[in-house]
Each structure stands twice: as structure tokens, then as C-alpha cells.
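Commentary on secondary and tertiary structure
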Amino acid sequence: MAETYYVTTPIYYVNDVPHIGHAYTTLACDVIARYKRAKGYNVAFLTGTDEHGQKVETAAKANGETPLELADRVVKRFQALWEKLNISNTDFIRTTQERHKHTVQEQFKKLEAKGDIYLGEYEDWYCTPCETFWTETQLMDGNCPDCGRAPTKLKEESYFFRMSQYQEQLLKHIEENPDFIQPKSRRNEILSFVREGLRDLSISRTSFSWGIPAPGNEKHVIYVWFDALTNYISALGYPEDKDALFETFWPAVHVIGKDILRFHAVYWPTFLLAAGLPLPKTVFAHGWWTVEGQKMSKSLRNVVEPNMLIDKYGVDAIRYFLLREVPFGLDGDFSHSSLISRINSDLANDIGNLVSRSTAMLGKYFSGQLPQPGAIEEADQKMIDLFEKQFQTIDKHLNDMSFNKALMAIWELISAGNKYIDETAPWALAKDPDQRERLGTVMYTLLESIRLIALQVAPFMPETGERIMTILGCDSSNLNFEGQDQWGGLVAGTTIEKAAPLFPRIENE
Ligand code: MSP
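Please read these numbers as outputs of a predicted model, since none were measured by experiment. (Residues numbered from 1 in each chain as written. Predicted model: local features only at pLDDT ≥ 70, side-chain atom pairs only at ≥ 80, totals over all residues. Heavy atoms only, no water.)

This part takes up the overall build of the protein chain. Counting secondary structure elements, the protein chain contains 18 helices and 16 strands. Computed over the C-alpha atoms, the radius of gyration of the protein chain is 26 Å, within 12% of the 23 Å expected from 2.2 N^0.38 for a compact globule of 509 residues. With the C-alpha coordinates aligned to their principal axes, the bounding extent of the protein chain is approximately 90 × 50 × 40 Å. Burial statistics for the protein chain: of 509 residues in total, 57% are counted as buried. Once local pairs closer than 6 in sequence are excluded, the contacts in the protein chain between residues at least 24 apart make up 76%. Element-wise, carbon and sulfur atoms account for 48% of the exposed surface of the protein chain, whose accessible area totals about 21,600 Å². Counting 53 positive and 69 negative side-chain charges, the protein chain places the centres of these two groups 2 Å from one another. (Helix = DSSP H or I, 4+ residues; strand = E, 2+ residues; numbered from the N terminus. Rg over C-alpha atoms; globule rule 2.2 N^0.38 Å. Buried < 20%, exposed > 50% of the residue type's maximum accessible area, 1.4 Å probe, protein only. Contact = heavy atoms within 4.5 Å. Areas by Shrake-Rupley, 256 points an atom, 1.4 Å probe, with all protein chains shown as cover. Lys, Arg positive; Asp, Glu negative; His and termini not counted. Charge placed at Lys NZ, Arg CZ, Asp CG, Glu CD.)

Moving on: helix α4 (residues 98-113). For α4, which comprises 16 residues, the first-to-last C-alpha distance of 22 Å matches the rise-based estimate of 22 Å (1.5 Å per residue) to within 8%. Along α4, the residues that are buried comprise H100, T103, V104, Q107, F108 and L111. In an axial view of α4, the angular spread of the buried residues amounts to 135°, which keeps them on one side of the axis. Summarising the geometry of α4, the exposed residues directed more than 90 degrees from the buried face are E98 and A113. Downstream of α4 by a residue or two, G115 has a phi angle that is positive, lying close to 90°. (Expected span 1.5 Å × (residues − 1). Arc of directions from axis to C-beta.)

Let us now look at the sheet that holds strand β16 (residues 332-334). Here we have three strands laid out as an open sheet, ordered β15-β14-β16, and mixed in their pairing. The strands lining the two open edges of the sheet, one partner per strand, are β15 (294-295) and β16. As judged from the three bridges shared by strand β14 (residues 289-291) and β16, these two strands associate in the parallel manner. Across the sheet, W289 pairs through a bridge with G332, a residue of β16. (Pairing = 2+ DSSP bridges.)

Remark: the centre distance and the inter-plane angle together describe each pair of aromatic rings, the angle taken between the planes. Evaluation of the coordinates by the stated rule reveals 34 aromatic pairs. With a centroid separation of 5.1 Å and 80° between ring planes, the pair formed by F161 and F271 is classed as edge-to-face. Of the two residues, F161 sits in strand β6 (residues 152-161) while F271 sits in helix α10 (residues 261-275), which places them 110 residues apart along the sequence. Of the two residues examined, F161 and F271, each falls in the buried class. Ring centres of F246 and W250 lie 6.0 Å apart, and the angle between their planes is 10°; on these two criteria the pair is classed as stacked. Each of the two residues, F246 as well as W250, counts as buried. Chaining the aromatic ring pairs together yields one cluster made of Y24, F284, W289, F321, F328, F334, F403 and F460. The ring of Y41 carries K36 above its face, with NZ or CZ at 4.6 Å from the centroid. One residue, R262, lies across the ring of F193, its end atom 4.1 Å from the ring centre. (Phe/Tyr/Trp six-rings, centres within 6.5 Å; stacked < 30°, edge-to-face > 60°. Lys NZ or Arg CZ within 6 Å of the ring centre and 35° of its normal.)

Here we take up the site of the ligand. Not every one of the 23 residues close to the ligand is listed here, only the nearest: I11, D50, G257, D259 and W289. In this structure, D50 approaches the ligand through a side-chain N or O atom, which is 2.7 Å from a nitrogen atom. Between a nitrogen atom of the ligand and a main-chain N or O atom of W289, the distance comes to 2.9 Å. Protein burial of the ligand: of its 660 Å² of free accessible surface, 95% is covered by the chains. Secondary-structure elements contributing two or more residues to the shell around the ligand are β1 (4-13), α1 (20-38), α7 (224-229), α8 (231-234) and β12 (253-257). In terms of residues, the shell around the ligand owes the most to one element, β1, which gives four residues. Class assignment for the residues of the shell around the ligand results in 13 nonpolar, eight polar and two charged. (Near = heavy atom within 4 Å. Polar contact = N/O pair within 3.5 Å; in protein donor to acceptor, adjacent residues only side chain to side chain. Nonpolar A, V, L, I, M, F, W, Y, C, P; charged D, E, K, R; others polar.)

What follows is about the state of the cysteines. Applying the stated rule across the entire model yields zero disulfides. Free cysteine: C127, not disulfide-bonded; nearest cysteine sulfur from C144 at 3.7 Å. We classify C127 as buried; its relative accessible area is 0%. There is no disulfide at C130, and the cysteine sulfur nearest it, in C147, is 3.8 Å away. (Disulfide = S-S within 2.5 Å.)

Further remarks concern the layout of surface pockets. Estimates place the volume of the second largest pocket at around 390 Å³. If you trace the second largest pocket, you find 21 residues lining it, with D179, Q182, T282, N399 and D400 closest to the centre. Secondary-structure elements contributing two or more residues to the lining of the second largest pocket are β1, α1, β7 (181-182), α6 (184-195), β13 (282-286) and α14 (378-399). Considering only residue class, the lining of the second largest pocket consists of ten nonpolar, four polar and seven charged. (1 Å grid on protein atoms, 1.4 Å probe; cavity = no way out; pocket = protein on both sides within 12 Å on 5 of 7 lines; lining within 4 Å. Points joined across faces, edges and corners; volume = space filled by probe spheres on them.)

With parallel pairing, the six strands of this open sheet are ordered in space as β3-β2-β1-β12-β13-β7. At either margin of the open sheet sits one strand with a lone partner, and together these are β3 (91-94) and β7. Pairing of β7 with β13, which is carried by two bridges, proceeds in the parallel orientation. What sits directly across from Q182, in β13, is F284.

Spatial relationships are all this shows, so hold off on functional conclusions.
Right, dumping it as C-alpha cells:
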């Protein structure tokens, strides 16, 4: 049986349309899902939309539509973008679906029956845009410490979750599992938060109605985060688990932005502990994108719209740029000039040239027929060894979600290929009939290198991976590592035509 891997994106609020920040989280998950699949894992990859809560209710009202009408409209924008970005999710969950509401209510009932959910009264400050409660002391100058906006005082009957009960267990888990919260700096942040003490958490509201009703007390709707976080198991059919998805895939790797770490690394694990379920394997919090040095916001009118970028530069260029430019986990800045320079140097120049030079030479010297390699010389062996070494390095980086390092390691292979051309100088060998066999070995080494590079770039740039495989006369629908990741896969005699440029240069506007 294949090993399983379950990766999730956050579910996106439908009161906003998708932008580059959302695309970033989803893209990272896609690369890891594609990579694991290529390595033979049975992968479940979940994304979806978060459709309940006051924010959505308010946004719908302002638009003169019902919350569900709003959700139905915006969910299409997300789904269309994921298709355009070549996202390979295996499921898409909406929190308004029956399967999800069912799981949330079952989970609520289970914890209530255990005594971990009880009815009480709540009085605190609430920041509606952040859907977060704050105590008096947590406020900064009377405002929400996250977004700086003014909170409102809420007093209402509320269900509470006995989060305080799970503080020690959670702390122990974080301490004993260094990979549970990543990167390390974020882990430390959560450790100190938990050590300060966990209060019981208010998990229902009576002040609005757009949500999942609390079972047996319809006056209350379930708090949007209790609702939303449950998506990760409702999509697996928990608790009935008719299709054995939960049994097969849980626990998950959650990829999220740093702003929602506390919900994933504190609230969610305590809900799971209370339900007696295994905790996620990893919660990885990535950084935030600014745009040309500024925070992205509707009011600044600088929201980067991914559809437009894809139309202009191509989907693979955008996929490459977002994961190459900034170390995953750190904040980064989006600028058009850095995007263009990455496209021109890394894509058009490095990988594009390697493929077009090599296939052009094969056309010129061997009429496009891949020759049988002869004796291996030192330069060739160096290439073979480098591939073996880099494949391990790339694997390690991807397992650490160091996407930019993995790409740098792939680009070392590409540079080595370009350097190999310069050093072996096929044009000189071609002039000497005695060097015919040597020229054949050089051409084979080059094209075989390109095949292995295609396998490695495919999770990041699926179209490019397929295009290169097609150019090489290989089966472009098979990008699996198994059976293909060893040196020597290309078959002599294969016809390989001169490739059109993979990435046209962008002239600076
Ligand atoms: N609905 C909640 C998540 C519930 S998960 C059980 C939510 N939704 S969101 O639409 O506001 O944000 C979703 C993700 O987009 C978050 O991981 C957030 O970090 C990410 N980003 C939003 N803006 C971003 C940037 N400017 N840069 C990078 N990622 C950003 O939170």
C-alpha cells in the first residue's frame, strides 16, 4: 500500500475575491501535493471556502444579496482561479455544504456530551473584521492588536469550550514534536502564548444568525472558527468515515499564513485533543506578501490580481516566481520588476536556453536522432553524480517546505548543464570526424540531464515539465519519479526536434 499524504490550504473567506496572497498558500500546497504524488504517495489535497460568520453576513447585506448568494458567486472565482493556476486539489469543501454542517454539529455534540462544551455568559471585546475576541488587557490603545480597528463590547449567553483543560497536553505535544509547528520562530511564539495560559473559548454567538446552529439550541450559531477548522475532517467524512478517508489520510499537514497560526496551532489542536483525535502532523505558517513595499489592501488599490498576471506572463512563470522569490516562512515583496527579471534570467535564459541550445545541436549534428552514448568521461560522470546528489538535496528541501532552496538546487542542475555545453564545446567536436562518438556521448548526457530536470521542475511548473517531456519524445502524462529518476532513461534513437523557446523574454515596459 502506498504511503499517504494529506495537505490542506486554509479555506478562504468569500467576502473577498482571490488575490496573490491566497494564490500563494494554495500554490505551495499544490507543489507539495504534486511532488508527493510523483514520489508515489497516495495524496489527498483539500482546499475550499469559509462561508459563514458575521463578516460574510455583513458583506452580503451591503451587496443586497443573501449570504449564500454571495458565497455562490465568489466561490466560482476561487474555483476558476485554481483551475487556471493548475491546482491539483482532490476535493473542494464549502462550509455551507451538508456534509460539513453535519460534522461540525456531531463534533459539537461529542464535546458537549463529554462536558468540554458548556453554556455560560460572555463579556469581552470583539473585533468583527478579525472575528476574534480580546480581553481588556490585550487591546492596544483600546483597539484590536491585530488590525488596529475599534472592537465592540459584547455580552451574551455563549457556549464555551474548555480549552484551559488542554493547556498542559498541548504544551507537551509542542515540546515533544519539534516539527509540529514550523518554522521554528513561529513555534516559539506559540509556545510562549500557551505558557501564558489558555482561557476557555467562547464558541457560539447569538448576535447574528449566518452560521451552523448549535445542536439543540438554535438561538446560537457556532463560532466561525470552530466551524471552519472542522473542514479538515468533515471533508474526510468524519465521524462516520463511510469511505475510510479519515482512517486513510488523517492527520494532515496544514499550510497557512502566519496571521491564522494561533487558530491552527492552539484552538484546533485542543478541539482535536478533546475529541480524542490525533493532532495534525505539521502546521506550517508562511509569511505575507507586500506589494512594491506596501501592505496589500483594497483601499490602497494595490491588490495584485493573479488572473491578470497569468494572462500576461503565463501560469508557470507566476508559479515559479512566487515560490522562488521569497523563502517560505518569511515575508516578501511583490514587484513587477523582480518578476520580469526572474522570468528573463532564470526562465528565458537558464532553463530556456539549455533546452533550445541542446535540441538545436542535436538537430544539427544528428538530424534530431538521439545517439547511443559511448565511453563516459570525467565531465559526464560529474554530471551524473551531481544529479544524484541534488535529487537528495531537493527531496530534503521539499520535505522542509523550503521551496526556494529546492528551486535553487534545481537551478544548479540547469547551470551545470549550460556549463557542460561550454566546457565540452560540441561545435568543436562536430568539426572532427574522429570525435563523432564523443559528440554522441555529450549530446546524450545533455538531453538526459534535461529529462531529469523536467521531472524536478514539473511539481513547480507542470506545463513546462510536460512540454519538455514531449520535446524529448517521452510520455508527458507520466511525471512519476519511480522508474524514471535514474540516469539513463532516454532511449537512443528517439527523435527529438528543435524546441521553440520555453519562455519568451519580456521587454521591460
Ligand atoms: N477563513 C480563514 C481561514 C480558515 S482556515 C480553517 C481565513 N481566510 S482568508 O481568506 O482571510 O485568508 C486565507 C489565507 O490567505 C491565509 O493563510 C492568509 O495568510 C493568506 N493571505 C491573505 N493575504 C495574504 C498576503 N498578503 N500574503 C500572503 N498570504 C496572505 O483566514
